[in-house]
Amino acid sequence: MSKIIIVFILIVGAGLLWKFINPSHTNTMAEIKSISKPDSTKQNGEKMSDKVIKSDEEWKKELSPEEYRILREKGTERAFTGKYWDHHELGTYICAACGTELFESNTKFDSGCGWPSYFEPIDSSRIIYKDDSSFGMKRTEVICAKCDGHLGHVFDDGPPPTGLRYCINSGSMKFIKKEK
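Residues numbered from 1 in each chain as written. Predicted model: local features only at pLDDT ≥ 70, side-chain atom pairs only at ≥ 80, totals over all residues. Heavy atoms only, no water.

Asks: How would you sum up unusual backbone geometry? Please name residues and give values.
Replies: Note: most peptide bonds trans; most residues except glycine with negative phi. With an omega dihedral of 10°, the bond running from Pro-160 to Pro-161 counts as a cis peptide bond. With respect to the element layout, Pro-161 can be found in the loop between strand E7 (150–155) and strand E8 (165–168). Notably, Lys-74 is not glycine yet its phi reads approximately 60°, a positive angle. Relative to the elements of secondary structure, Lys-74 occurs in the loop between helix H5 (65–73) and strand E1 (91–95). The residue Phe-80 is not glycine, and still its phi comes out positive at about 65°. Tracing the backbone through its elements, the reader meets Phe-80 in the loop between H5 and E1. (Helix = DSSP H or I, 4+ residues; strand = E, 2+ residues; numbered from the N terminus.)

Asks: Please give an account of H5 that cites residues and values.
Replies: All of the buried residues in H5 are Glu-67, Tyr-68, Ile-70 and Leu-71. At the exit of H5 stands Lys-74, carrying a positive phi of roughly 60°. (Buried < 20%, exposed > 50% of the residue type's maximum accessible area, 1.4 Å probe, protein only.)

Asks: Give me the sheet that holds E1: which residues, what numbers.
Replies: Backbone hydrogen bonds hold the strands of a sheet together, and the pairing may be parallel or antiparallel. Ordered in space as E2-E1-E9, the three strands form an open sheet in which the pairing is antiparallel. Lying at the two open borders of the sheet, with one neighbouring strand each, are strand E2 (101–104) and strand E9 (173–177). Between one strand axis and the next, the sheet turns through 30° on average, direction left out of account. Pairing of E1 with E2, which is carried by three bridges, proceeds in the antiparallel orientation. Across the sheet, the residue bridging to Thr-92 is Glu-104, located in E2. (Pairing = 2+ DSSP bridges. Axes fitted to C-alpha atoms, helices over the stretch in contact; angles between N-to-C directions.)

So, in structure tokens, the structure goes:
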């Protein structure tokens, strides 16, 4: 039993020593945002003009029950059930609540997570980043800067060129097909 405790202490100590010696490997979202998206961290959605402000009753009249649950109550759809998780047409994904253009189809990729995933927004000033520690997880929530609608979350496990994965609920978006 004492050998197990000694091994455990050595492993934990080695991990702490590695973190102290090599701090560049901490890789937090705050660091990623400031490196890959400096404008989004600095402006955090402040460029959006004509902010859309409505009461809950107004949003309930305009949005479907599912859109309202996701956009206004920070809900999520089950993986592999949203209309855009396996969608491959060319065009633009817009906020379902206010119509703000958020993502282009050429930034969409198959992450295998069951939600539409993008490696960057059209313009990072259209997104607000907010720390989210709900459900015992530490994540970064992404919110539409124009209407404050919950879109999903961003993670640091995406492909080049950004290394980011914007994991977005289909119910928070609508799609505008590119004209030929």
